[in-house]
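Listed below are the residues making up each chain.
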Amino acid sequence: MKKILIANWKMNPQGFKEAKNIFNEIKKQALKLKKVEIVVCPPFIYIPILSGGKINIGAQDIFYENKGAFTGEISAKMLKDANVKYVIIGHSERRALGESDELLNKKLKAALGAGLKTIFCVGEPERDIEGNYLQFVKNQIEVGLKDIPRKNLKNLLIAYEPVWAISSQPGARADTSESAFRMGIYIRKTLLPIMGNVLARNISVLYGGSVNVQNAQDFFANSGMDGALVGGQSLIAKNFNQILKFAEITKVAKN
Ligand code: PGA
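Because the structure is predicted, anything quoted here is derived from the model rather than measured.

Novice: What should I look at first to understand a positive patch on the surface in this one?
Specialist: On the surface, Lys2, Lys34, Lys35, Lys54 and Lys251 cluster together into a patch of positive charge. Position of Lys34 among the secondary structure elements: in the loop between α1 (16-31) and β2 (36-41).

See the structure below:
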């Protein structure tokens, strides 16, 4: 299976020209790769100017209604019309702005119902030694995916992004590949009663949080994850391209 690498640009870069430049650099690298699925998620306004090559376009959010009086929002249908294939839902930065698990459930229903490949972000704010963070992540998944028809869940991806590992957090550090490995297993176990054995085994589970040129190889070899969601480093084309190359060439270690 191809590794999936998501570039989450967040509210960057600051203009069209720079957005195009970064995208074009990534495009050149994409042409050389066979084993990596690349998704760039720019701010909405750049979506129409970024296209082509082997890069999929993703959005960073969506609204759950199809149309109507919802000032400032964007629907799944509009995104599909703009050739968007993927959408990120429930990023910790959106949760921090007030998005609840219940709201995210509505967004997930809309995105998956529209046939978008939907990257659902989960992750605990901190690791407590009692292990309560496991229940925290489980709850995010269970509420987020409540009452979504099984047939729509085939387009789901989970991104495990512990909040403390995201590079913009003070004192952030990446999770270890061993710990991410265990979280991957735990997440699939949580998915099992929700979607059944086959889907729970086969949907992609990605890691996100301070992935960089120094730690990418270790993650691809040892975390058991199907890919990565990259924030800060995806805006530096040279670094992101190196991470993509590692995803292409790193052999998965046999455990
Ligand atoms: P980071 O961001 O790679 O800069 O830590 C990841 C994310 O927030 O999705």
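Further notes follow.
Novice: Just to check I follow, could you spell out the nonpolar core for this structure?
Specialist: Inside soluble globular proteins, nonpolar side chains tend to come together where they are buried. Membership of the largest hydrophobic core comes to 66 residues, with the highest contact counts inside it found for Leu5, Leu145 and Leu156. Beyond its immediate chain neighbours, meaning those up to four positions away, Leu156 contacts Leu108, Leu112, Thr118, Phe120, Leu145, Met195, Ile203 and Ser204.

Novice: What is the right way to look at α1 in this model?
Specialist: Within an α-helix, residues lying three or four positions from one another point in the same direction, as the helix has 3.6 residues per turn. Spanning 16 residues, α1 covers 23 Å between terminal C-alpha atoms, matching the ideal 22 Å at 1.5 Å per step. Looking only at α1, the buried set comprises Ala19, Ile22, Phe23, Ile26, Gln29 and Ala30. One side of α1 carries all its buried residues, which in axial view fall inside an arc of 115°. Opposite the buried face of α1, at more than 90 degrees from it, the exposed residues are Lys17 and Leu31. The inward-facing, buried residues of α1 contact β2, β3 (55-59) and α9 (237-249).

Novice: I keep staring at the side chain of Ser204 and nothing clicks. Help me out?
Specialist: Within the fold, Ser204 resides in strand β7 (residues 204-208). Setting aside anything within four residues of it in sequence, one finds Ser204 in contact with Met1, Ile4, Leu156, Leu157, Ile158 and Asp226.

Novice: Would you explain the sheet that holds strand β4 (residues 86-89) in this entry?
Specialist: Through backbone hydrogen bonds, the strands of a sheet pair up, either in parallel or in antiparallel fashion. The eight strands lie next to each other as β1-β2-β3-β4-β5-β6-β7-β8, forming a closed barrel whose pairing is parallel. With direction set aside, neighbouring strand axes in the sheet form an average angle of 25°. With respect to the sheet, helix α4 (residues 101-113) is in contact with β4, β5 (117-122) and β6 (156-160), its orientation differing from that of β4 by roughly 170°. The sheet strands contacting helix α5 (residues 132-144) are β5 and β6, and the helix crosses β5 at an angle near 145°.

Novice: What should I look at first to understand the environment of Gln140 in this one?
Specialist: As for its placement among the helices and strands, Gln140 is situated in helix α5. Non-local contacts of Gln140, meaning those with residues more than four positions away in its chain, are made with Arg95, Asp101, Phe120, Val122 and Gly123.

About the thresholds
Residues numbered from 1 in each chain as written. Predicted model: local features only at pLDDT ≥ 70, side-chain atom pairs only at ≥ 80, totals over all residues. Heavy atoms only, no water. Patch = residues over 30% accessible without salt bridge, like charges linked within 9 Å, V, L, I, M, F, W, Y side chains within 5 Å. Areas by Shrake-Rupley, 256 points an atom, 1.4 Å probe, with all protein chains shown as cover. Salt bridge = Lys/Arg side-chain N within 4 Å of Asp/Glu carboxyl O. Lys, Arg positive; Asp, Glu negative; His and termini not counted. Charge placed at Lys NZ, Arg CZ, Asp CG, Glu CD. Helix = DSSP H or I, 4+ residues; strand = E, 2+ residues; numbered from the N terminus. Core = buried A, V, L, I, M, F, W, Y, C linked by side-chain atoms within 4.5 Å. Buried < 20%, exposed > 50% of the residue type's maximum accessible area, 1.4 Å probe, protein only. Contact = heavy atoms within 4.5 Å. Expected span 1.5 Å × (residues − 1). Arc of directions from axis to C-beta. Pairing = 2+ DSSP bridges. Axes fitted to C-alpha atoms, helices over the stretch in contact; angles between N-to-C directions.

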